[in-house]
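Working through the structure, step by step
In case you want the letters, here they are:
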Amino acid sequence: MEKELDKHLEETMNTHGVLGTLCADQHGLCLGAKGSVSTDAAGMVTRLSELAGQLDPSSEEDPIVCIESDASTLMIKKHDDVTMAIHKAKVPT
Amino acid sequence: MGCCFSNEEDELLPVSLGYLWGYAKAYMFRVCIEGYQDLFSLCPYEGESKGRSETLLEHTVVVALDLGMWSFKVLEGGRCPHLGLSESTQCDNNNCTATLAFLKYKCDDFANHTPPGPKGDEQSALNRILHQTANNVIDVSAIDHHSMEQHEYMDRARQYSTRIAIVTSSSGGRLKKKTPLPQGTATPQAVLATDPISQADVQLMNKAAAYAASAVSQVRVEHKEDLVVPFGIP
C-alpha cells in the first residue's frame, strides 16, 4: 500500500545532488527513508517544521527549513500532514 | 472541685493506693488501681471504656471495670487527697485536661508501674512521642556560637573544593550533560550574507512535499484474505 510513496522517494533520490530523503507523518512516524537520512531523524524533522511554522502563524504557506553545513543542506518542508526532508549536497560554486 | 471514685452504691472506691494519670492534651484519663490490674480510660464527655458504652452526665463519667461499674464523680467543693488532686482541678465538660495531666499519687510501690494490657501501648506511645518531639525540637537559643578562625576556614574551603573535584571527575560522563552544540562559524555575518537556497531547490521541495502528501493519502488497506478463519472440525 505504500508503493506510491516508495516510488516517489526513489524518484527523488535519483534527482541530481540528492543524498537522502525522508518522509514522516504529523506525529513523527517515519513513513519512508532513503539514503543518508536516518529513520531516527523523523521525529526531529517533524518537530522542527512545526516550530518553524509557529514563527509566522498568519502565513498561509508552510516554511522550508534549511539546515546548512559546509558540504550539504538538509531541507525540510511540511505539506498537509506530511513532512518531507531532502538531504542535498551543495553544488560547488 | 475534687475527684474521687465511687461505685453504684456511692461507696468510695479504695483509691488510696491507686493513681491517676492524665494526658496533657488528651481527653482521656488512665486509671490504675491496685488490686485491679486492668486499666480503663475515662472520657470526660464522651467515649468508650473497654468496649462498653458510657453515659456521661454532667461531671460524671461511668467507667466499666471487670469487677463492676464504678463511677467517676466530680464533687463540688471537695478534695481527694488520695489521688493528689486538689480544688484547682478543673473538671468541667470541656476542659478536664491540663491540670490533671500527669498527676501521680505519691506511692513508691506504683512509681514505676507499667500498666499491662493494650492500654500500656498508649503510654509507651505517648512516651515515644514525647521523646521524639524532644529530639526533633531544635532550641536555637541554646546553641553556642562557634566562630571559626580564618586559617581553619581556608583549610576547610580547600578541602571541600578538592573533594568536589574528585567526585565530579570520578563520576565522569554520567554527570555531564549532552554534547553541546558546535561552536559554529567565527564570522556569522559572512554566512548570513550568502545566498539563501536557490529557487530550483525551493521548487524541488514544494513539489516533493506535495507529491509525498498525495502518496500518503493514497495508502489503502488491501484485503487479501480473511483474518478470522474457521477451523474445519470433523
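Thresholds applied
- Residues numbered from 1 in each chain as written.
- Chains lettered and ligands numbered in written order.
- Predicted model: local features only at pLDDT ≥ 70, side-chain atom pairs only at ≥ 80, totals over all residues.
- Heavy atoms only, no water.
- UniProt positions renumbered as here; feature names shortened; annotations may be inferred.
- Helix = DSSP H or I, 4+ residues; strand = E, 2+ residues; numbered from the N terminus.
- Buried < 20%, exposed > 50% of the residue type's maximum accessible area, 1.4 Å probe, protein only.
- Contact = heavy atoms within 4.5 Å.
- Areas by Shrake-Rupley, 256 points an atom, 1.4 Å probe, with all protein chains shown as cover.
- Buried area = accessible area lost by both parts, 1.4 Å probe.
- Salt bridge = Lys/Arg side-chain N within 4 Å of Asp/Glu carboxyl O.
- Polar contact = N/O pair within 3.5 Å; in protein donor to acceptor, adjacent residues only side chain to side chain.
- Nonpolar A, V, L, I, M, F, W, Y, C, P; charged D, E, K, R; others polar.
- Pairing = 2+ DSSP bridges.
- Axes fitted to C-alpha atoms, helices over the stretch in contact; angles between N-to-C directions.

With an unreviewed UniProt entry as reference, chain B is termed Ragulator complex protein LAMTOR1, source organism Branchiostoma floridae. According to the UniProt record, the Sequence similarities (unreviewed entry) comment for chain B is "Belongs to the LAMTOR1 family."

For chain A, the name recorded in an unreviewed UniProt entry is Ragulator complex protein LAMTOR5, with Branchiostoma floridae as its organism. As its UniProt record puts it under Sequence similarities (unreviewed entry), chain A is described as follows: "Belongs to the LAMTOR5 family."

Some remarks on the overall build of chain A
For chain A, the helix and strand inventory stands at two helices and five strands. Put simply, chain A runs from its N terminus to its C terminus through helices and strands in the order α-β-β-α-β-β-β. Burial statistics for chain A: of 93 residues in total, 38% are counted as buried. Long-range pairs, those at least 24 residues apart, make up 34% of the contacts in chain A between residues at least 6 apart in sequence. For chain A, the exposed area adds up to about 5500 Å²; of that, 53% sits on carbon and sulfur atoms.

Structural notes on the side chain of A:Thr73
Of note, A:Thr73 is situated in strand E4 (residues 72-79). Other than its neighbours up to four places away in sequence, A:Thr73 contacts A:Cys66, A:Ile67, A:Glu68, A:Ile86, A:His87, A:Lys88 and A:Lys90.

Section: the interface of chain B and chain A
Contacts between chain B and chain A engage 19 residues on the former and 20 residues on the latter. Here chain B and chain A share an interface that buries about 1800 Å² over both sides, 76% of which is from carbon and sulfur atoms. Residue B:Asp201 is joined to A:Lys88 by a salt bridge in which the shortest nitrogen-to-oxygen separation is 2.8 Å. At the boundary of chain B and chain A, one finds three residue pairs in polar contact (both at pLDDT 80 or more). Residue composition of the side of chain B that touches chain A, by class: 14 nonpolar, two polar and three charged.

Let's talk about the pattern of salt bridges
All names here are of chain A. Enumeration according to the criterion identifies eight salt bridges over all chains in this entry. Between glutamate 10 and lysine 34 there is a salt bridge; the shortest N-O distance is 3.6 Å. Of this pair, glutamate 10 sits in helix H1 (residues 3-13) while lysine 34 is found in strand E2 (residues 30-35), placing the two residues 24 residues apart along the sequence. Using a relative accessible area of 18% as the deciding quantity, one classes lysine 34 as buried. Linking glutamate 68 and lysine 90 is a salt bridge whose minimum nitrogen-to-oxygen distance equals 3.3 Å. Here the residue glutamate 68 occupies a position in strand E3 (residues 64-68), and lysine 90 occupies one in the segment after strand E5 (82-89), the gap between them amounting to 22 residues. Taking relative accessible area as the criterion, glutamate 68 reaches 42% and is therefore assigned partly exposed.

A word on the sheet that holds E2(A)
All names here are of chain A. Spatial strand order, E2-E1-E5-E4-E3: five strands in an open sheet with antiparallel pairing. Each edge of the open sheet is held by one strand with a lone partner, namely E2 and E3. Looking at each pair of strands side by side, their axes are set apart by 10° on average, direction ignored. Examined bridge by bridge, E3 and E4 share five bridges and lie antiparallel to one another. Considered in E4, the bridge of isoleucine 67 is made with leucine 74. Contacts from H1 reach strand E1 (18-24), E2 and E5 within the one sheet, and its direction differs from that of E1 by about 155°.

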